[in-house]
Amino acid sequence: MARGAVRPRVPRAVVAGVIVCALLQIVFSLAQPKPLARASELDPPPSGPALALMQGFEPLPFAHLLTLYLQSFDNQPGISIPYRDLNYERVAQWLLTALRLDPTSQYPLLMATQLYAQVPDPARSRYMLELAYRQFLADPNRRWRWLAHGAIMAKHRLKDLPLALKYAGAIAERSPEAPAWARQMHIFLLEDMGELDSARILLGGLLAGGQVSDAHERILLLESLERIKAAENSAGATKK
Amino acid sequence: MPIQVLTIARFALLEALRTRLPLLAAGAFAFVWAGSLFIHQIAITESDRMQWSFYAAGSRLASVVMLALYITSSMVREFTEKGLDLLLALDLPRSNYILGKLGGFIGVAVLLALLAAAPMVSSIPLPVCLVWAAALFFELAIVAALSLFCIVTLSQVMPAVVLVLAFYLLARSITAVRLLSETALLGELSEARPLLAFGVDALAAVVPALDRFAVTGWIAERAVDANVLGPIALQSAIFVALLLAAALFDFYRKEL
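Source: prediction; values computed, not measured. In this numbering scheme, every chain counts its residues from 1 along its sequence in written order. Whichever chain is written first is A, and whichever ligand is written first is 1; the rest continue in order. Side-chain atom pairs in this predicted model are given and counted only at pLDDT of 80 or more, local residue features only at pLDDT of at least 70, and totals for whole chains, interfaces and linings cover all residues. Processing note: side-chain calculations cover all non-hydrogen atoms of the structure and skip hydrogens and water entirely.

Draft legend 1. Summary view of the overall build of chain B. Where helices and strands are cited, they refer to DSSP runs of H or I of at least four residues and of E of at least two residues respectively, numbered from the N terminus. Tallying secondary structure elements over chain B gives 10 helices and 0 strands in all. Along chain B, helices (α) and strands (β) appear in the sequence α-α-α-α-α-α-α-α-α-α when read from the amino end. Principal axes of the C-alpha set define a box for chain B whose edges measure 60 × 55 × 35 Å. Relative accessibility under 20% of the residue-type maximum defines a buried residue, over 50% an exposed one, and the middle range a partly exposed one, all with a 1.4 Å probe and only protein chains included. For chain B, buried positions account for 46% of its 256 residues. Sequence separation of 24 or more characterises 78% of the internal contacts of chain B that already satisfy a separation of 6 or more. Carbon and sulfur atoms make up 71% of the accessible area of chain B, which amounts to about 12,100 Å² in all. As used throughout, the charge tally considers Lys and Arg to be positive and Asp and Glu to be negative, leaving His and the chain termini uncounted. The location of each charge is read from NZ of Lys, CZ of Arg, CG of Asp or CD of Glu. Computed over 16 positive and 17 negative side-chain charges, the inter-centroid distance for chain B is 7 Å. The contact criterion used throughout is that any non-hydrogen atoms of two residues lie within 4.5 Å. Surface exposure here means Shrake-Rupley accessible area, sampled with a 1.4 Å probe, where a residue is shielded only by the protein chains that are shown.

Draft legend 2. Layout of unusual backbone geometry. Here Lys159(A), not a glycine, exhibits a phi torsion of approximately 55 degrees, which is positive. Within the element layout of this structure, Lys159(A) appears in the loop between helix 7 (140-156) and helix 8 (161-174). A relative accessible area of 65% places Lys159(A) in the exposed class. For Ser155(B), which is not glycine, the phi dihedral falls at a positive 65 degrees.

Draft legend 3. Molecular detail of helix 2 (residues 48-57) of chain A. What helix 2 of chain A keeps buried is the set Leu51(A), Ala52(A), Met54(A), Gly56(A) and Phe57(A). The elements touched by buried residues of helix 2 of chain A are helix 3 (59-71) and helix 4 (88-101) of chain A together with helix 7 (157-182) of chain B.

Draft legend 4. Molecular detail of the interface of chain B and chain A. The partner chain A presents 21 residues to the 24 residues of chain B that form the contact. The buried area of a pairing is the accessible area, by a 1.4 Å probe, that goes missing from both parts when the two are put together, added over both. Interface area for chain B against chain A, summed over the two sides, is near 1,900 Å², with a carbon-plus-sulfur share of 70%. Interface area lost by chain B to chain A is led by Ile44(B), Met50(B) and Arg172(B), which between them contribute 26%. Salt bridge, as applied in this entry: a Lys or Arg side-chain nitrogen positioned within 4 Å of an Asp or Glu carboxyl oxygen. Among the salt bridges present, the one from Arg60(B) reaches Glu58(A), with a minimum N-O distance of 3.6 Å. N or O atoms closer than or at 3.5 Å make up a polar contact, with two conditions inside protein: a donor-capable atom paired with an acceptor-capable one, and, for residues adjacent in sequence, both atoms drawn from side chains. Connecting chain B to chain A are 11 residue pairs in polar contact (both at pLDDT 80 or more). The set of elements that each furnish at least two residues to the side of chain B that touches chain A consists of helix 2 (21-42), helix 3 (47-80), helix 7 and helix 9 (216-221) of chain B. The element best represented in the side of chain B that touches chain A is helix 7 of chain B, accounting for 6 residues. Split by residue class, the side of chain B that touches chain A holds 13 nonpolar, 5 polar and 6 charged. Just so you know the grouping, Ala, Val, Leu, Ile, Met, Phe, Trp, Tyr, Cys and Pro go in nonpolar, Asp, Glu, Lys and Arg go in charged, and all remaining residues, Gly too, go in polar.

Draft legend 5. Representation of the nonpolar core in the model. All names here are of chain B. Core analysis: the biggest nonpolar cluster contains 71 residues, and Leu67, Met75, Tyr97, Met120 and Trp132 have the highest contact counts within it. Tallying contributions element by element places helix 6 (residues 126-154) first for this core, with 19 residues. Leave out the neighbours within four places in its chain, and Leu67 touches Phe105, Val108, Ala109, Leu112, Leu140, Val143 and Ala144. We call a set of buried Ala, Val, Leu, Ile, Met, Phe, Trp, Tyr and Cys residues a nonpolar core when their side-chain atoms join them within 4.5 Å.

Draft legend 6. Looking closely at the packing of aromatic side chains. A pair of Phe, Tyr and Trp rings is counted when the ring centres sit within 6.5 Å of each other, with Trp represented by its six-membered ring. The angle between the planes then sorts it: under 30 degrees is stacked, over 60 is edge-to-face, the rest tilted. Scanning the model with the defined rule gives 11 aromatic pairs over all chains in all. On the basis of an interplanar angle of 85 degrees and a centroid distance of 6.1 Å, the ring pair of Tyr88(A) and Tyr116(A) is categorised as edge-to-face. In this pair, Tyr88(A) sits in helix 4 while Tyr116(A) sits in the loop between helix 5 (107-115) and helix 6 (122-138), placing the two residues 28 residues apart along the sequence. Taking the relative accessible area as the measure of exposure, Tyr88(A) reaches 5% and is therefore buried. Centroid distance Trp144(A) to Trp181(A): 5.7 Å. Interplanar angle 70 degrees. Geometry classified as edge-to-face. Highlighted residues: Trp144(A) in helix 7 and Trp181(A) in helix 9 (residues 180-183), separated in sequence by 37 residues. Taken together, the aromatic side chains of Tyr69(A), Phe73(A) and Trp94(A) make up a single cluster linked through ring pairs. Definition used: whenever NZ (Lys) or CZ (Arg) falls within 6 Å of the ring centre and also within 35 degrees of the ring normal, the charge is taken to sit over that ring. The ring of Tyr88(A) carries Arg124(A) above its face, with NZ or CZ at 4.9 Å from the centroid. In this structure, Arg94(B) packs its charged tip against the face of Phe251(B), placed 5.7 Å from the ring centre.

The structure is reproduced here in structure tokens:
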């Protein structure tokens, strides 16, 4: 500043005004009630014209935002909701909406089988596995892995071998592009269920049909076939 | 092409460079990229797919907003600082001025499209990135011409930008609006339905379907057929020419 120049002064009233307003703001904030964590219900996903506009405008990012919103819904500010307390019908609607916006995505079915089906409530697990099964039917070659996971869950966690067989059989029937282990799963499930005759016929058919080209895989399947035959023979001998 | 057009285009491009638009754009794209990285971190599967589709959609929208704001504010400054009056006092047809400006702004569009596509090169196949960038450029060319037309007509930043963005959103959703008008989703409309369908079809005839331009699905699937660029380029050329003609019509009527 040049020598002799007068430094501009802020009027005292303005300074006082700033201080008073700042104090008022602090007092006002302190007087507010403390925020309480409150779990909110999962709202229905967008539908009707809103969904149609999302589909036309930018479907993929909207699908991703829907899945991430659903994924983080159990962690609301200050509160964590167990999956089993969620409204599963609503969750299924969200997953289906996300799939509708982005049908090639694996994300919604991963959430269905790996997150929401893992709750310690068999009814809810079955509900999510059934959702994965229905969506599998729409695109079996892309979505077989979620049904394979469902078959394993049905066998080991739900102890429901017929359900596991239904899922594994669907993969064998409808997913020619699935790897061999997934397409052969139903044979070993039949073996586990004591349906040795059916398992032997299917395994024999698989080996005779030339669908298995890998040498190691053939050896493994032949060993399984021998094991089944031996089990059948011993069962027959016991009956006699 | 007259040398005056090229000179004006060059100076429009220089102005963009000297007002640090590339730096601002790089900052905006870096912000979108950071957001996409956040998406990548919270996704439990298909992380890359989600990250880059979010980035592609976000940077596309950011490019459009930046370009519209840049063009309208740059033109308004020229109006208020009387630079335009000075230019037109020279032996310069008004059409050359508009053509030059549009040329410069289309140059800015090239720059923005390349900058937007650059971060994706690390994860997405180069041919897909190039097709996406080219489609984004054609979209930005339309936005540039539209912004020029709106600012020449309205002369103020606020209404011009609002009009550009409203038109852009309509153009991005026109296909969805057409499909909606034909379905039962809108409820019972009885006799109003044919009228609505006609209105929407009429609107679709004059609005380019921008939802077919820089499609995010190309980035998510990492595959695109380069032939899609043909119809996009043609649509862009037709609509830019239309907007240019409209801007010239208004500019010739303007009293300075």
